[in-house]
Amino acid sequence: MKRLEPGTEIDGFVVQSLVHAGGMAHLYRVAYANGRPDPGFPMVMKVPRMEGGDGAENIVGFEVELMLLQSVTGPHVPRFVAAGDLSRLPYLVMEYIEGKTLDHWLEQPEPLAPMAIAQLGAAVAKAAHSLHKQNVCHLDIKPANVLIRPNGNAVFLDFGLSCHAHFPDLL
C-alpha cells in the first residue's frame, strides 16, 4: 500500500502527517474530519503494510492488536479510538503518546545514572504488571516498543505478538 498523503480522509479521520514508517506498519497523526470534537487527546492511525512480499503476519498481528487494544485499559497502553475494515483498509486509531522510547535513553552519549536506570526499570515493571493483571502478556517488550511519558510512566506499544488469557491465539 502506498503511503497516505496529508489531507487524505478515511472514515471520518483526516491524515495530518507521517509519524513513522516501519517494516510492519505506517503511523500517521490524524484528527477527526468534519468538525467532530476530538476525544481530548491526540490520535495516531496505524496502517499495516500490505505490499507484495509482505507476509500474512502483518494482518494477523493487526487482528491481535485490534482485539487487545479494545480490552486493555490504564496509563500504560494507548487508548483505542476506532478500527478500519480489513476488507477495505485495515487501520487502528489510538491515542498518540507523547514521550520518548527506551531506545532514546539507551542511545545517550553518556551512561545513565543508576537512579535513572532504576526509575526506567520500575516504570517498565509497573506497566508489565498492569497488563498481567488484565490477563495480557505483551511478548515483544523491547526498547522500541516502550515509550516513557514525560511524567515517567511507561507505555507499551505494538501489541501484534501479544496474547490474552481469555482470547483465541491467532498466532
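Our subject is the structure listed above.
With respect to the sheet that holds strand E10 (residues 154-156)
Overall, antiparallel pairing links the three strands, which are arranged E7-E9-E10 in an open sheet. With one partner strand each, in any of the chains shown, strand E7 (100-101) and E10 form the two edges of the open sheet. Pairing analysis gives three bridges linking strand E9 (residues 146-148) to E10, with the strands arranged antiparallel. Looking at the pairing, Val146 lines up with Phe156 of E10. Along the sheet, helix H3 (residues 114-133) makes contact with E9 and E10, crossing E10 at roughly 45°.

A look at unusual backbone geometry
With a phi close to 50°, Asp11 is a non-glycine residue in the positive phi region. Inspection of the secondary structure assignment puts Asp11 in the loop between strand E1 (9-10) and strand E2 (13-21). Residue class for Asp11 comes out partly exposed when judged on its relative accessible area of 37%.

Here we look at the pairing of E2
As judged from the two bridges shared by E1 and E2, these two strands associate in the antiparallel manner. Paired with Ile10 across the bridge in E2 is Phe13. Looking at chain direction, E2 and strand E3 (residues 25-32) are connected through seven bridges and run antiparallel. Residue Val14 lies in a different strand from E3, and its bridge partner there is Ala31. What sits between the antiparallel neighbours E2 and E3 is a turn of three residues.

Some points on the packing of aromatic side chains
Tallied over the entire structure, the rule returns two aromatic pairs. Ring centres 5.1 Å apart and planes at 25° place the aromatic pair Phe13 and Tyr32 in the stacked group. Here the residue Phe13 occupies a position in strand E2, and Tyr32 occupies one in strand E3, the gap between them amounting to 19 residues. Geometrically, the ring pair formed by Phe13 and Tyr91 is edge-to-face, given 6.4 Å between the ring centres and 75° between the ring planes. Highlighted residues: Phe13 in strand E2 and Tyr91 in the loop between strand E5 (80-83) and strand E6 (92-95), separated in sequence by 78 residues. For the residue pair Phe13 and Tyr91, the accessibility class agrees, reading buried in each case. Taken together, Phe13, Tyr32 and Tyr91 form an aromatic cluster joined through their ring pairs. The cationic tip of Arg29 hangs over the ring face of Tyr96; the distance from NZ or CZ to the ring centre is 4.1 Å. Over the face of the ring belonging to Tyr32 we find Arg36, whose NZ or CZ atom lies 3.9 Å from the ring centre.

Regarding the side chain of Ser162
Note on placement: Ser162 falls in the loop between E10 and strand E11 (163-164). Ser162 sits in the buried class, given a relative accessible area of 4%. Within polar-contact distance, the side chain of Ser162 engages the backbone oxygen of His138 at 2.9 Å.

The rules behind these values
Each chain carries its own residue numbering, running from 1 in the direction its sequence is written. Selection of residues for local features in this predicted model requires a pLDDT of at least 70, selection of side-chain atom pairs for listing and counting requires 80 or more, and totals for whole chains, interfaces and linings are taken over all residues. Side-chain numbers here rest on the full set of heavy atoms in the structure, without hydrogens or water. Strands are labelled as partners when DSSP assigns at least two bridges between them. For the purposes of this entry, the term helix denotes a DSSP run of H or I that reaches at least four residues, the term strand denotes a run of E that reaches at least two, and both are numbered from the N terminus. Any two residues whose heavy atoms approach within 4.5 Å at even a single point are treated as in contact. To obtain each axis, a line is fitted to C-alpha atoms, and for helices this fit is confined to the stretch in contact; angles are then taken between N-to-C directions over 0 to 180 degrees. Burial classes follow relative accessibility: with a 1.4 Å probe on protein chains only, a residue under 20% of its type's maximum area counts as buried, one over 50% as exposed, and anything between as partly exposed. A pair of Phe, Tyr and Trp rings is counted when the ring centres sit within 6.5 Å of each other, with Trp represented by its six-membered ring. The angle between the planes then sorts it: under 30 degrees is stacked, over 60 is edge-to-face, the rest tilted. Only when the NZ atom of a Lys or the CZ atom of an Arg is both within 6 Å of the ring centre and within 35 degrees of the ring normal do we say a charge sits over the ring. Between N or O atoms, a polar contact is any pair within 3.5 Å; within protein, one atom must be a potential hydrogen donor and the other a potential acceptor, and residues adjacent in sequence are included only when both atoms are from side chains.

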